[in-house]
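Below, each chain spelled out in residue letters.
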Amino acid sequence: MDLMDDIYSLAYWMTGSEASATELVNMTYLNVTLDTPESEVYKTFRACYFDMFGNECTSSVPKPSCNPKEKNEMAELQRVADIQLSVLLSSVSGLKHSAISKIIGKPLDTIRVWLSAGRKSLAERMLSQQATLHSDVSLNREWIL
C-alpha cells in the first residue's frame, strides 16, 4: 500500500491533475504484477509517464518528426521531467541516489547534480509563490481597508 501511495503522489506531482494522476497510476499498474520489484514499478511508472506525455505532445502530429530542433526540445522536456522525478523519488519515496540512478538510467553523478539543481529550483519556486501569496494578501488588506 505504501508503494501505491508513493506512485500516486509521484503521479500527482508530475501531472498536476487528479484525473491525469489516476490515469498514470492505472497505466503503471496494468504493466506490473504483484511480484514486480519496487524498482521495476518505478521504472514502469517513468515509462508510462513518458508514453502518456509523448502521446499528448504528438497527438496533433501524425508522423514522428525528423526535425533536429523538435527532437532537441523533446529531449530537453524529458530531461526536465527526469530531474523532477529524481527529486520526487528522493523526497517522496525516500530512495537513495543509487536507486534513483538505476530507475532513471543515468550515472550516479548526474543524479546528484540533478537532485541539487532540482531542489534549488523547487525552493526558488516555493519562495516565489510565497512572495506572490504575501503580496496578494497585502493587496487584499489594502483594498478592504
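Look up: the structure comes first, before these words.
Basis of the calculations
- Position labels on residues start from 1 in each chain and follow its written sequence.
- This being a predicted model, a pLDDT of at least 70 is required before a residue's local features are given, and a value of 80 or more before pairs of side-chain atoms are given or counted; all residues contribute to the totals for chains, interfaces and linings.
- The basis for every side-chain value is the complete set of non-hydrogen atoms in the structure, without hydrogens or water.
- Salt bridges are counted wherever a side-chain nitrogen of Lys or Arg sits within 4 Å of a carboxyl oxygen of Asp or Glu.
- Strands here are runs of E lasting at least two residues and helices are runs of H or I lasting at least four, both read from the DSSP assignment and numbered beginning at the N terminus.
- Think of it in three bands: residues with accessible area under 20% of the maximum for their type are buried, residues over 50% are exposed, and the middle band is partly exposed, with areas taken using a 1.4 Å probe on protein chains only.
- Nine residue types can take part in a nonpolar core, namely buried Ala, Val, Leu, Ile, Met, Phe, Trp, Tyr and Cys, and a core is a set of them joined through side-chain atoms within 4.5 Å.
- The contact definition used throughout considers only heavy atoms, calling two residues in contact when any of these lie within 4.5 Å.
- Under the counting rule used here, the positive set is Lys and Arg, the negative set is Asp and Glu, and His together with the chain ends is not counted.

**Q** Would you explain the pattern of salt bridges in this entry?
**A** Oppositely charged side chains are able to pair whenever their charged atoms sit close together. Taken as a whole, this structure holds four salt bridges when the rule is applied. In this structure, the salt-bridge partner of Lys43 is Glu40, at a minimum N-O distance of 3.4 Å. On the criterion of helical spacing, the pair formed by Lys43 and Glu40 is a turn pair, its members being three residues apart in helix H3 (residues 38–58). The class of Lys43 is partly exposed, set by a relative accessible area of 31%. Of the residues examined, Glu40 reaches a relative accessible area of 33% and is grouped as partly exposed. Among the ionic pairs, Arg112 bridges to Asp109, the shortest N-O distance being 3.7 Å. With Arg112 and Asp109 both in helix H6 (residues 108–144), this residue pair falls three residues apart, about one helical turn. Overall, Asp109 belongs to the exposed group, its relative accessible area being 55%.

**Q** What's the story with the nonpolar core in this structure? I'm lost.
**A** Leu10, Phe45 and Leu89 are the most contacted members of the largest nonpolar core, which totals 29 residues. When contributions to this core are tallied by element, the ones reaching two or more residues are helix H1 (2–15), helix H2 (18–30), H3, helix H4 (68–91), helix H5 (97–104) and H6. It is H3 that contributes the most residues to this core, eight residues altogether. In this view, Leu10 contacts Tyr42, Phe45, Leu85, Leu88, Leu89, Val92 and Ser93; residues no more than four positions away in its chain are not counted.

**Q** Help me understand the environment of Ile83, please; the structure alone is not making it clear to me.
**A** Considering the arrangement of structural elements, one finds Ile83 in helix H4. Relative accessible area serves as the criterion here: at 13%, Ile83 is assigned to the buried category. For the pair Ile83 and Thr110, spaced 27 residues apart in sequence, the C-alpha to C-alpha distance is 9.7 Å. Among all residues touching Ile83, those that are not within four sequence positions of it are Trp114 and Gly118.

**Q** How do you make sense of the side chain of Ser93 when you look at a structure like this?
**A** Position of Ser93 among the secondary structure elements: in the loop between H4 and H5. When its relative accessible area of 15% is taken as the criterion, Ser93 is described as buried. Those residues in contact with Ser93 that sit more than four places away from it in its chain are Asp6, Leu10, Tyr42 and Leu88.

**Q** Help me out: how do you make sense of the side chain of Asp6 in this one?
**A** Relative to the assigned elements, Asp6 resides in helix H1. Buried and unpaired, Asp6 has Lys96 as its nearest opposite-charge partner, separated by 14 Å.

**Q** What exactly am I supposed to notice about the environment of Leu108 here?
**A** Of note, Leu108 is situated in helix H6. Considering only alpha carbons, one finds Leu108 and Ser98, 10 residues apart in sequence, at a separation of 6.1 Å. Ignoring anything within four residues of it in the chain, the contact list for Leu108 reads His97, Ser98 and Ser101.

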